[in-house]
Amino acid sequence: QAAVAIENTRLFMLTDQELAARVEELSVMQRIDRELNASLEMDRAMRITLEWAMRQSHAEAGLIGMLDENKLQIMAGQGYDDFLASLPNHTMKIELPSMQAAIETGQSQRVALSPDSDKSLLAGITTQIVVPIRREANVIGLLLLESSLDSQADIAFLARLSDHAAIAISNAQLYGEVQRANIAKSEFVSFVAHELKNPMT
């Protein structure tokens, strides 16, 4: 009976801890959503996503970008100053195995590396995490995090973060298309008005 009582107490404490962690995560995600939806700028959405991912994973370096064929157009980065400075137009080839696996499977990848491995962007990295940013069934971008410590980042949280980021990115893209359409419409109306005005005069 004592063993049963102890086990029940242990299970209750675990459930209570898991519930508290889930409530905390929901609170954090609500804050992230507010920040992501505060404006319709893609660059800002990317920066916010990267900042929160690094904060929650305690990564030393990270970058986020959009896929363009077999290349990644980097939109934001932290801790990769020298690497980013060496890239033309902030575009890198998808050569890291973890990135390729994330694109092919559409699933997050956590890779343990030896400190002298050449499969990381920074030297001395032991943990690499790649989270795909998906819209519907397609991978449209990647989030890369690297750490020299044994990171215990919550992959499920990072995946949910990328899903929320994908919605904000999609909204920013749609807003950009609407803005471009409005500019094209204004130019067309101006052109037509000018072309009609001359003959009428």
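Remember, predicted model here, so these are calculated numbers, not experimental data. (Residues numbered from 1 in each chain as written. Predicted model: local features only at pLDDT ≥ 70, side-chain atom pairs only at ≥ 80, totals over all residues. Heavy atoms only, no water.)

### Details of the sheet that holds strand β4 (residues 109–112)
Line of reasoning, step 1. Spatial ordering of the open sheet is given by β3-β2-β1-β6-β5-β4, a layout of 6 strands whose pairing is antiparallel. With partners counted over all chains shown, the strands left at the sheet margins are β3 (91–93) and β4, one partner each. Along the sheet, successive strands turn relative to each other by an average axial angle of 30 degrees, direction set aside.
Line of reasoning, step 2. Sheet analysis places strand β1 (residues 61–68) next to strand β6 (residues 138–147), joined by 6 bridges and oriented antiparallel. Looking at the pairing, M66 lines up with G141 of β6.
Line of reasoning, step 3. Of the strands in this sheet, β1, β2 (71–78), β3, β4, β5 (127–135) and β6 touch helix α4 (residues 97–105), which is tilted by about 150 degrees from β6. (Pairing = 2+ DSSP bridges. Helix = DSSP H or I, 4+ residues; strand = E, 2+ residues; numbered from the N terminus. Axes fitted to C-alpha atoms, helices over the stretch in contact; angles between N-to-C directions. Contact = heavy atoms within 4.5 Å.)

### Remarks on the environment of I32
Line of reasoning, step 1. Relative to the assigned elements, I32 resides in helix α1 (residues 2–36).
Line of reasoning, step 2. The sequence separation of I32 and A76 amounts to 44 residues, and the corresponding C-alpha distance is 17 Å.
Line of reasoning, step 3. Those residues in contact with I32 that lie beyond four places of it in its chain are W52, F157 and L161.

### Topic: the environment of E95
Line of reasoning, step 1. Mapped onto the fold, E95 is located in the loop between β3 and α4.
Line of reasoning, step 2. Along the sequence, E95 and L113 sit 18 residues apart, while their C-alpha atoms lie 16 Å from each other.

### Brief notes about the nonpolar core
Line of reasoning, step 1. Formed by 30 residues in total, the largest nonpolar core has its most connected members in I32, L50, I64, L143, L145, L158 and I169.
Line of reasoning, step 2. Secondary-structure elements contributing two or more residues to this core are α1, α2 (42–57), β1, β5, β6 and α5 (155–200).
Line of reasoning, step 3. What I169 contacts, discounting residues up to four positions off in sequence, is M42, M46, M66 and I133.
Line of reasoning, step 4. Residues A61, I74, L84 and A102 belong to the second largest nonpolar core, which totals 17 residues. (Core = buried A, V, L, I, M, F, W, Y, C linked by side-chain atoms within 4.5 Å. Buried < 20%, exposed > 50% of the residue type's maximum accessible area, 1.4 Å probe, protein only.)

### Observations concerning unusual backbone geometry
Line of reasoning, step 1. One non-glycine residue, H58, lies in positive phi territory at about 60 degrees.
Line of reasoning, step 2. Position of H58 among the secondary structure elements: in the loop between α2 and β1.
Line of reasoning, step 3. Residue H58 is classed as exposed on the basis of its relative accessible area of 64%.
Line of reasoning, step 4. For E69, which is not glycine, the phi torsion reads 60 degrees and is therefore positive.
Line of reasoning, step 5. Checked against the element boundaries, E69 lands in the loop between β1 and β2.

That's the geometry; what it means functionally is another story.
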